[in-house]
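Residues per chain are reported as follows:
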Amino acid sequence: MAMGVIALTSCGTAAEQTEQPWIVDRFDDIKVIRYEVPGFENLSLEEKELIYYLGEAAKCGRDILFDQNFKYNLAVRRTLETIYTASDVREGEEFLAFEKYLKKVWFANGIHHHYSNDKFTPEFSEAWFREQLAKYINEENRQIEDDFLCQIIFDPALYASRLNQTAGVDVVTSSANNYYEGVNQEEVEAFYAKMVAEDAGNPEPISYGLNSKLMKDENGVIYEKVWKVGGMYTEAIEQIVYWLEKAAAVANPTQREVLEALIKYYHSGDLKDFDDYSVLWVKDTESNVDVVNGFIENYGDPLGRKSSWESVVNFRDEEACRRTEIMAANAQWFEDNAPINPAYRKSEVKGISAKVITVAMLGGDCFPATAIGINLPNADWIRKEHGSKSVTIDNITYAYDKAAQGNGFAEEFILREEDRERAKKYGKLGDDLHTDLHECLGHGSGQLAPGTKGDELRTYSSTLEEARADLFALYYLGDEKLIEIGLIPTLDVAWSQYSDYIMNGMQTQLSRIEPGKNVEESHMRNRKLIAEWCYEKGKDENVIEIVKQNGKSYVVVNDFVRLRELFGELLYEVQRIKSEGDYEACKKLVEDYAVQVDPEFHAEVIARNKALNIEPYGGFVNPEYELVLDAEGKVVDVKISYPANYVEQHLKYGKEYSFLPTLN
Ligand code: ZN
């Protein structure tokens, strides 16, 4: 599970300016930020080398994600890159609109927005584009037929959404992702229901469907096309395996075993091998360097089975780890005191391993946009039996924070001076602790009732799970216990987070949604659910208030202590829904509070945000690593550098790390 996009409410001042700008590119609703990798120079040579190889593996899976997101993404990207590179005219309205479109495609790993999932609307004309096709695309570099390509780009109705979660529609056939082909929702659900039924009673249930595309053969028989060496995506997976083998050779013995298990799974495609690997991975809490590499998160599949490819290469941030070590040491206390039905508490919290990390390379579904926290593995039984690893990514939140300094956001949206002051003082710590608690304890807490399988909540499961983890974090952030164990100096840290969270959930996050659209993405839905529910339940006591002033609306929290109780009450119900697999209650909660947007309120947020010139989304450029060799060709060092050109990085990746055929 990944902790979503950071709440862009950092309230720093412009006083602290760095010599090099943090924002390296801006277009549309996106800003691209560079991140630094402090501490890399101090790692041992083996660790540096390990990071280099794992970093290469991380880049080799990039095409997989493009193809998973949409069957024709590679065709579009390659054609656009060919035109972009060859074009002799590099100015003018049409060209600049085309360039912006290409930048968006790189950012989203495809033609659908990375967050809203809607297809991009090109701002260049089809006539101009056809001229470019005629000029630069020939028999040799043509990926797909011109007319079809134009339809893909210019017909708004065709492949309109990558991920459709609208209630009542066939979410499989109406989603443009490449996880299913020629099958409808009913067929998919029946296919996997049968597999799950046959596996019933297995204490280590397999995550069926995780690493394959589901389709029909020529006889209409439904089958899985598995992503593995020798299977679908083999050209990229072979490269990933090549670098993982290099990495295994310089890893410590424990980590070598983990990497070899991963390699074995990439060869077999057997999900039992994936579980074996995950168990080894979660047990390795000692190695300084760590990596996520594989088909991990299922947010892109409307049915929550298929996982997108991603990689995060990282190492431990020793100093910041003190925070999460304290949490892990107190994990049982948190579980025993959680405001949920005691039957749904874990009697024994196992293997909570939490750390703060420094990211060294992002790949696949973690690039350019990335989560700020990760909690894996996702398989419930592994989490229960072996625990989970939870990380907060410090150098990424640091970069976000730097990029947001002095942008005027706090002045525009936070009404009261006291709230602004509190945010300035404790905002970053509150954000960090929220992420730590969400990842380290929230996702790992609670247990299912006997007989509940865990897949009952279907399309609503991600939203509910994120809400559960957030509520756990919010509830405990305001607990005196945190002062007692030395995590916060004062409850003001919690109150600062509460104000920020409610304002974001009800109001400011809406700036990321196009006018007329509802909330779709599960982290956004979860935040809206929590904020709106608490607003309604606390209305009589004026716990949360929408203040109108000078034609502007402000979301203000008046009663932090009561708000905390409301978080607890909602957590009780959310845990009950998950534990009992209560689909109807889950659906009602999400549909009532998390989806609908008031158009007038929405328009106001967009206008005010626009006036500030703040792009609502952020993503990153990766650092680059280079092996330093001696005269005999032996690696003697690894050098890191920080390129600051978004376009160059993506053209380079497209040239050097693109292994898949156009159609897979
Ligand atoms: Zn989460």
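The rules we used
- Residues numbered from 1 in each chain as written.
- Predicted model: local features only at pLDDT ≥ 70, side-chain atom pairs only at ≥ 80, totals over all residues.
- Heavy atoms only, no water.
- Buried < 20%, exposed > 50% of the residue type's maximum accessible area, 1.4 Å probe, protein only.
- Helix = DSSP H or I, 4+ residues; strand = E, 2+ residues; numbered from the N terminus.
- Pairing = 2+ DSSP bridges.
- Donors = N, O, S within 2.8 Å, 3.2 Å for Na, K, Ca; no water.
- Axes fitted to C-alpha atoms, helices over the stretch in contact; angles between N-to-C directions.
- Parallel < 35°, antiparallel > 145°, perpendicular 65-115°, else oblique.
- Left-handed = near helix turned anticlockwise from the far one by under 90°.
- Contact = heavy atoms within 4.5 Å.
- Nonpolar A, V, L, I, M, F, W, Y, C, P; charged D, E, K, R; others polar.
- pLDDT = per-residue confidence, 0-100.
- Disulfide = S-S within 2.5 Å.
- Salt bridge = Lys/Arg side-chain N within 4 Å of Asp/Glu carboxyl O.
- Phe/Tyr/Trp six-rings, centres within 6.5 Å; stacked < 30°, edge-to-face > 60°.
- Lys NZ or Arg CZ within 6 Å of the ring centre and 35° of its normal.

### A closer look at the pairing of strand β3 (residues 30-34)
Extensive coverage of β3 is indicated by the burial of 5 of its 5 residues. Every second residue of β3 is oriented toward a common face, with Ile-30, Val-32 and Arg-34 on one face and Lys-31 and Ile-33 on the other, all of them buried. Here strand β2 (residues 23-27) pairs with β3 via 4 bridges, running antiparallel. Residue pairing for β3: Ile-23 is matched across the bridge by Ile-33. Connecting β2 to the antiparallel partner β3 that follows it, the hairpin turn spans 2 residues, and Asp-28 within it adopts a positive phi of roughly 50°. Bridge analysis of β3 against strand β14 (residues 617-621) gives 5 bridges, and the strand direction is parallel.

### Points about the coordination of the zinc ion
At the metal site, the zinc ion is ligated by His-438 (NE2), His-443 (NE2) and Glu-466 (OE), and these contacts range over 2.1 Å. Counting gaps between the donor residues of the zinc ion yields the pattern H-x4-H-x22-E. Linking His-443 in the loop between α16 (417-442) and α17 (461-477) with Glu-466 in helix α17, this pair joins segments that are 23 residues apart in sequence. Accessibility expressed as a relative area gives 3% for His-443, which makes it buried. Accessibility expressed as a relative area gives 1% for Glu-466, which makes it buried.

### Re the side chain of Asn-109
Along the chain, Asn-109 falls in the loop between α4 (93-108) and α5 (126-136). For Asn-109, a relative accessible area of 5% gives the class buried.

### Things to note about the packing of α16 against α17
Between two packed helices, both the angle of their axes relative to each other and the distance between the axes serve to describe the pair. Remark: α16 packs on α17, axes separated minimally by 8 Å, with the N-to-C direction vectors making an angle of 125°. If you check the angle between α16 and α17, you find them oblique. In this structure, α16 crosses over α17, and the sense of that crossing is right-handed. The segment α16 lies against α17, with Gly-430, Leu-433, His-434, Leu-437, His-438, Leu-441 and Gly-442 engaging Glu-466, Arg-468, Ala-469, Asp-470, Phe-472, Ala-473, Leu-474 and Leu-477. The residue inventory of the contact of α16 with α17, partitioned by class, reads 8 nonpolar, 4 polar and 3 charged.

### Some details on the packing of helix α9 (residues 253-268) against helix α10 (residues 271-283)
In the contact formed by α9 and α10, the axes pass within 9 Å of each other and the chain directions differ by 165°. What the angle tells us is that α9 and α10 run roughly antiparallel. When you trace α9 past α10, the crossing you get is left-handed. For the pair α9 and α10, contact is made by Glu-257, Val-258, Ala-261, Leu-262, Lys-264, Tyr-265 and Ser-268 and by Leu-271, Asp-273, Phe-274, Tyr-277, Leu-280 and Trp-281, respectively. When grouped by side-chain class, the residues that make up the contact of α9 with α10 number 9 nonpolar, 1 polar and 3 charged.

### Observations regarding unusual backbone geometry
Cis geometry is adopted by the peptide bond preceding Pro-368, which originates at Phe-367 and carries an omega value of -5°. Tracing the backbone shows Pro-368 in the loop between β9 (352-364) and β10 (373-376). In this structure, Pro-377 follows Leu-376 across a cis peptide bond, with omega equal to 0°. Take Pro-377: it is sitting in the loop between β10 and α13 (380-386). One non-glycine residue, Asn-117, adopts positive backbone phi at about 70°. Along the polypeptide, Asn-117 turns up in the loop between α4 and α5. Positive phi, normally seen in glycine, also occurs at Asn-542, with a value near 60°. Checked against the element boundaries, Asn-542 lands in the loop between α20 (522-537) and β12 (544-549).

### Considerations on the confidence of the model for the chain
Detailed conclusions should not be drawn from predicted coordinates in areas where pLDDT is low. Mean pLDDT for the chain: 93, with 97% of residues reaching 70 or above. Within the model, the stretch residues 5-18 combines pLDDT values under 50 with 33 contacts to residues more than four positions away or in other chains.

### What about the sheet that holds β3?
Across the sheet, which stays open at both edges, the 3 strands sit in the order β2-β3-β14 with mixed pairing between neighbours. Looking at strand neighbours, the two that pair on one side only are β2 and β14, the edges of this open sheet. Each neighbouring strand pair of the sheet contributes to a mean axis angle of 25°, computed without reference to strand direction. Of the strands in this sheet, β2, β3 and β14 are in contact with helix α24 (residues 646-656), which crosses β2 at around 85°.

### Comments concerning the state of the cysteines
Taken as a whole, this structure holds 0 disulfides when the rule is applied. Looking at Cys-366, it has no disulfide partner, and the nearest cysteine sulfur is the one in Cys-60, 16 Å off. The class for Cys-366 is buried, based on a relative accessible area of 6%. Left without a disulfide partner, Cys-440 is nearest to the cysteine sulfur of Cys-321, which lies 11 Å away. We classify Cys-440 as buried; its relative accessible area is 1%.

### Side note on the environment of Val-313
For Val-313, the position within the fold is in strand β8 (residues 308-316). What makes Val-313 buried here is its relative accessible area of 0%. Spatially, the C-alpha atoms of Val-313 and Pro-253 are 18 Å apart, while their sequence positions differ by 60 residues.

### Quick word on the pattern of salt bridges
Enumeration over the complete set of coordinates arrives at 52 salt bridges. Between Arg-468 and Glu-465 there is a salt bridge, with its nearest N and O atoms 3.0 Å apart. Taken as a pair, Arg-468 and Glu-465 lie in helix α17 at a separation of 3 residues, close to a single helical turn. Under the relative-accessibility criterion, Arg-468 is labelled buried at 1%. On the basis of relative accessibility, which here comes to 9%, the residue Glu-465 falls in the buried class.

### Re the environment of His-386
Here His-386 lies in helix α13. Sequence separation between His-386 and Lys-283 is 103 residues; the distance between their C-alpha atoms is 7.3 Å.

### Re the packing of aromatic side chains
Per the counting criterion, the structure on display carries 48 aromatic pairs. Ring centres of Tyr-242 and Trp-243 lie 4.9 Å apart, and the angle between their planes is 85°; this geometry places the pair in the edge-to-face category. Their ring planes at 50° and their centres at 5.9 Å tell us that Tyr-460 and Tyr-583 sit as a pair that is tilted. Taken together, the residues span a long stretch of sequence, with Tyr-460 in the loop between α16 and α17 and Tyr-583 in helix α22 (residues 583-595) at a distance of 123 residues. Given a relative accessible area of 18%, Tyr-583 falls into the buried group. Seen from the ring of Tyr-84, Arg-90 lies directly overhead, with NZ or CZ sitting 4.6 Å from the centre. The ring of Trp-333 has Lys-481 lying over it, and the distance from NZ or CZ to the ring centre is 4.5 Å.

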